[in-house]
Amino acid sequence: MKALKYIGGLFAVAAISVGATSCTDLDEKTFDRIDASTYYQDENSVKGAVASIYSSAQSGFLEYFWYLNEFPADQVAWRTWNGGAWGYDEAAKFVLSSQTWNSESVIIRQAWEHAWETIGLCNTLLGDLEKLNASSLGMSDEALRQYIAEVKTMRAWAYYNNFELWGGALPLCTDANGEIPGSADPDFNKGCQKIWDFMVNELDECYADLIVEDGSGASRNRMNQGMNRMLKMRLLLNSQLWTGVDKYNECATLCEEIIRGDYGNYSIAGDYRDIYNVNNISCPEIVFSFAMEVGRITNNNRNTPYLPYNYDEMFGYSCDQGGWNCVCMVPSKDNTGALVPNAGSADPKSFIFDYGDKLGAPFDRMNDADIRKQPFHSDAAGNWQGIFAMGPQKNYSTGADVLADADLQDKPLIYVDQVGTFLNLGRELEPVMSPRWGQTNSGYRLIRYPMLPESTGLDWRDADQVEFRLAEVYYTLAECRMRAGNAGGAKDLVNQIRQRYFQGAGLSQLEQPGPGFTAFDMDWMLSEWGLEFLDEGRRRRTDLRRFDKFTQGQWWFFGRATETDRQLPAKRDRRYEWYPLPQVALMVNPGLVQNPNY
């Protein structure tokens, strides 16, 4: 293996075949490496090297990229509390929720630093694997090709995540020769096309060598054919947005092939809870998920950002993973009406029915007959229901009130579907306030992966992190049908998924577009994307931008709330469609060309 040079400000990685380490030192460094032929002695050593890229991807992409795709969108917000003082963190995340970031914003820089670890590791590993002789390692040529295809698919997935944020300003680096490239092209749009072409070609060239899921779950934690094809599906679905070329017909054809089982044996789960349970590796809907295991590989950004420090009192168990209390669902109601002690205000106005918003308000946007729309609860045996922490919070074992902290210190914790300073701390209560001015109990919380009591002997953090599932293929095909003028076909496809959320008489609701809508149209389609994939890290990236609602759509506080120094406009600047390259990256690599809107 040759020596790998790198500059930390660009790649933030020193990658070797068996691991990767981060670095923020801006000086160029050269590291000695053992020769590849010395390390790779048999198939197990190859397998171990390939396995290392999954750990890098899990740690690199599942946190900061979630911030950048959910906080600026219309369903999840970073909320401060205690008079706006707690959780503000110098506006590091507030600028995301308010779409006021710039090239020096902290989270954008941190995401950039994580963005290249997996790509650097894949490049180095591919440089090794493509030189190996399979027979000398006691393995077949087919097996070696499969590992190479696995690494190439992972690299394409990593590039896809980066591309969604920075587009054509990205560099295109596919080897480990020490050359640090500039942007793919000085022209941003041409750069978009080059990177899009690279990802599609890479996926097409290697998918046939990947493992095919047989329905047993054996390949759901690995890059497999189904995942590869779904990644291409995402590229085709967003082709018009990213390259100006409509690929909806091609996308629809690929969706039909995936659903037909051409690339693996998958099916829609009859019970949505199977997707997120501790044993979700056996769920037939999951195409690819990151393996999680307490004490070894766990992702902090599932439930804990939503929950208070004492959330163990809610669920009746102790956990060494602390709550954040800084994240909430975008509220469905404003702050009007008479105040209720410790519980917001009575009879507030609805952002759906009184304001007429087609975006945001995720709780009220969900049909009342939907079985997900209820307080989360788990019994001692681990039987759970609902996905929201809402209303009065009680200890599941004792029934005692869970008490709040900060501005509601030692008062009962009662979550409300509103965000505001109901105690007038930090700022007088206004009808509509930004997430800068929340209160401890402001906003419903989402519990996507079930929090199970100790009596079950299970730890919720053992549930694998779902990244690709078959329902997305149905929704993608539905949107393609909708864009082709077939609203009825779109509705039928979506309802093949939605039917699992309704029971008995509630099934009749499948024939209704739902709260705030009068027709099965594009607004309805966008809303259904949001409800099905609520908090799964893709609201900005695969939904709002494609529908031209990310900066142009109206929800919650935009155009209604006034900050200390300015109004937050209903329609934001289109420059926020893409993120800027961090200023530190531009300083280190003069070959990078900033997103022209910045």
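Residues numbered from 1 in each chain as written. Predicted model: local features only at pLDDT ≥ 70, side-chain atom pairs only at ≥ 80, totals over all residues. Heavy atoms only, no water.

## Considerations on the overall build of the chain
1) Next: Across its full length, the chain holds 18 helices and 14 strands.
2) Next: Relative to the 2.2 N^0.38 estimate, which gives 25 Å for 598 residues, the radius of gyration of the chain is 24 Å and therefore close to what a compact globule would have.
3) Next: Each principal axis of the C-alpha atoms in the chain carries an extent, and together these give about 75 × 55 × 50 Å.
4) Next: The burial tally for the chain puts 62% of its 598 residues in the buried class.
5) Next: Counting only carbon and sulfur atoms, one obtains 46% of the accessible surface of the chain, whose full area is about 21200 Å².
6) Next: Where the 56 positive side-chain charges of the chain centre and where its 80 negative ones centre are 4 Å apart. (Helix = DSSP H or I, 4+ residues; strand = E, 2+ residues; numbered from the N terminus. Rg over C-alpha atoms; globule rule 2.2 N^0.38 Å. Buried < 20%, exposed > 50% of the residue type's maximum accessible area, 1.4 Å probe, protein only. Areas by Shrake-Rupley, 256 points an atom, 1.4 Å probe, with all protein chains shown as cover. Lys, Arg positive; Asp, Glu negative; His and termini not counted. Charge placed at Lys NZ, Arg CZ, Asp CG, Glu CD.)

## Digging into the pattern of salt bridges
1) Next: Evaluation of the coordinates by the stated rule reveals 40 salt bridges.
2) Next: One salt bridge connects Arg560 with Asp357, and the closest N-O pair in it is separated by 2.8 Å. In this pair, Arg560 is assigned in the loop between α17 (539-544) and α18 (583-588) and Asp357 in the loop between β7 (327-329) and α13 (362-365), connecting sequence segments 203 residues apart.
3) Next: The partly exposed category is assigned to Arg560, whose relative accessible area is 24%.
4) Next: Several salt bridges share partner residues, and in doing so they unite Arg234, Glu285, Glu467, Arg469, Glu472, Arg500, Glu532, Glu536 and Arg538 into one network. (Salt bridge = Lys/Arg side-chain N within 4 Å of Asp/Glu carboxyl O.)

## Observations concerning unusual backbone geometry
1) Next: Positive phi, close to 50°, is recorded for Ala361, a residue that is not glycine.
2) Next: Residue position: Ala361 is located in the loop between β7 and α13.
3) Next: Residue Trp556 is not a glycine yet carries a positive backbone phi of 45°.
4) Next: Assignment of secondary structure puts Trp556 in the loop between α17 and α18.

## A short note on helix α14 (residues 471-483)
1) Next: Given a rise of 1.5 Å per residue, 13 residues ought to cover 18 Å, and the 18 Å separating the end C-alpha atoms of α14 matches this to within 8%.
2) Next: Burial of α14 is extensive: eleven of the 13 residues sit out of reach of the surface.
3) Next: Within α14 the residues assigned to the buried category are Ala471, Glu472, Val473, Tyr474, Tyr475, Thr476, Leu477, Ala478, Glu479, Cys480 and Met482.
4) Next: The inward-facing, buried residues of α14 contact α9 (225-237), α11 (248-260), β14 (465-469), α15 (487-498) and α16 (522-532).
5) Next: Looking one or two places after α14, you find Gly485, whose phi comes out positive at around 90°. (Expected span 1.5 Å × (residues − 1). Contact = heavy atoms within 4.5 Å.)

## Details of the packing of aromatic side chains
What describes a pair of aromatic rings is the distance from one ring centre to the other and the angle between the planes of the rings.
1) Next: Here the structure, examined in full by the defined rule, presents 45 aromatic pairs.
2) Next: The interplanar angle of 70° and the centroid separation of 6.1 Å between the aromatic rings of Phe315 and Phe376 together place this pair among those described as edge-to-face. You can see Phe315 sitting in helix α12 (residues 312-315) and its partner Phe376 sitting in the loop between α13 and β8 (377-378), a full 61 residues away along the chain. Each member of the pair, Phe315 as well as Phe376, is classed as buried. (Phe/Tyr/Trp six-rings, centres within 6.5 Å; stacked < 30°, edge-to-face > 60°.)

## Details of helix α5 (residues 106-115)
Note: α-helices contain 3.6 residues per turn, so residues at a spacing of three or four share the same orientation.
1) Next: Of all ten residues in α5, eight are buried; the element is thus mostly enclosed.
2) Next: For α5, every residue scored as buried is listed here: Ile107, Ile108, Gln110, Ala111, Trp112, Glu113, His114 and Ala115.

## Concerning the pairing of strand β6 (residues 286-290)
1) Next: Within β6, five of the five residues are buried, which leaves the element mostly enclosed by the surrounding structure.
2) Next: Where β6 lies against β14, four bridges are found, and the strand directions are antiparallel. Looking across to β14, one finds that Phe290 is bridged to Gln465. (Pairing = 2+ DSSP bridges.)

## Thoughts on the packing of α15 against α16
Any two packed helices are characterised by the angle at which their axes cross and by the distance between the axes.
1) Next: Across the interface, α15 lies against α16 with an axial gap of 12 Å and an inter-helix angle of 20°. Between α15 and α16, the angle is such that the two are roughly parallel. The two elements α15 and α16 meet at a crossing, and its hand is left-handed. Between α15, through Ala490, Lys491, Val494, Ile497 and Arg498, and α16, the contact on the second element is made entirely by Trp524, Met525, Glu528 and Glu532.
2) Next: When its residues are assigned to classes, the contact of α15 with α16 shows five nonpolar, no polar and four charged. (Axes fitted to C-alpha atoms, helices over the stretch in contact; angles between N-to-C directions. Parallel < 35°, antiparallel > 145°, perpendicular 65-115°, else oblique. Left-handed = near helix turned anticlockwise from the far one by under 90°. Nonpolar A, V, L, I, M, F, W, Y, C, P; charged D, E, K, R; others polar.)

## Some words on the packing of α9 against α11
1) Next: Relative orientation of the contacting elements α9 and α11 amounts to 155°, with a least axis distance of 9 Å. By the criterion of interaxial angle, the relationship of α9 to α11 is roughly antiparallel. Classified by chirality, the crossing of α11 by α9 is left-handed. Mapping the contact onto sequence places Arg229, Met230, Lys232, Met233, Leu236 and Leu237 in α9 and Tyr248, Glu250, Cys251, Leu254, Cys255 and Ile258 in α11.

## Considering the environment of Lys358
1) Next: Note on placement: Lys358 falls in the loop between β7 and α13.
2) Next: In this structure the C-alpha to C-alpha distance between Lys358 and Asp407, which are 49 residues apart in sequence, comes to 33 Å.
3) Next: Residue contacts for Lys358: discarding those within four places in its chain leaves Arg365, Gly516, Phe517 and Asp523.
4) Next: A polar contact is formed between the side chain of Lys358 and the backbone oxygen of Gly516, at a distance of 2.7 Å. (Polar contact = N/O pair within 3.5 Å; in protein donor to acceptor, adjacent residues only side chain to side chain.)

## A short note on the side chain of Asp405
1) Next: With respect to the element layout, Asp405 can be found in the loop between β11 (391-392) and β12 (414-415).
2) Next: For the buried Asp405, no salt bridge exists, and the shortest N-O distance to an oppositely charged side chain is 7.8 Å, to Arg79.
3) Next: If we ignore the near neighbours within four places in the chain, the residues touching Asp405 are Trp81, Trp86, Tyr309, Asn325 and Thr440.

## Brief notes about empty space enclosed by the protein
Empty space among the atoms becomes visible once a probe the size of a water molecule is rolled across them.
1) Next: This structure, assessed with the given rule, holds seven cavities of 30 Å³ or more.
2) Next: A volume near 220 Å³ is recorded for the largest cavity.
3) Next: Along its surface, the largest cavity is lined by 18 residues, and Leu62, Trp66, Gln465, Glu536 and Gly537 are the ones closest to its centre.
4) Next: Breaking the lining of the largest cavity down by element, the ones donating at least two residues are α3 (64-70), α7 (141-166) and β14.
5) Next: Tallying contributions element by element places β14 first for the lining of the largest cavity, with three residues. (1 Å grid on protein atoms, 1.4 Å probe; cavity = no way out; pocket = protein on both sides within 12 Å on 5 of 7 lines; lining within 4 Å. Points joined across faces, edges and corners; volume = space filled by probe spheres on them.)

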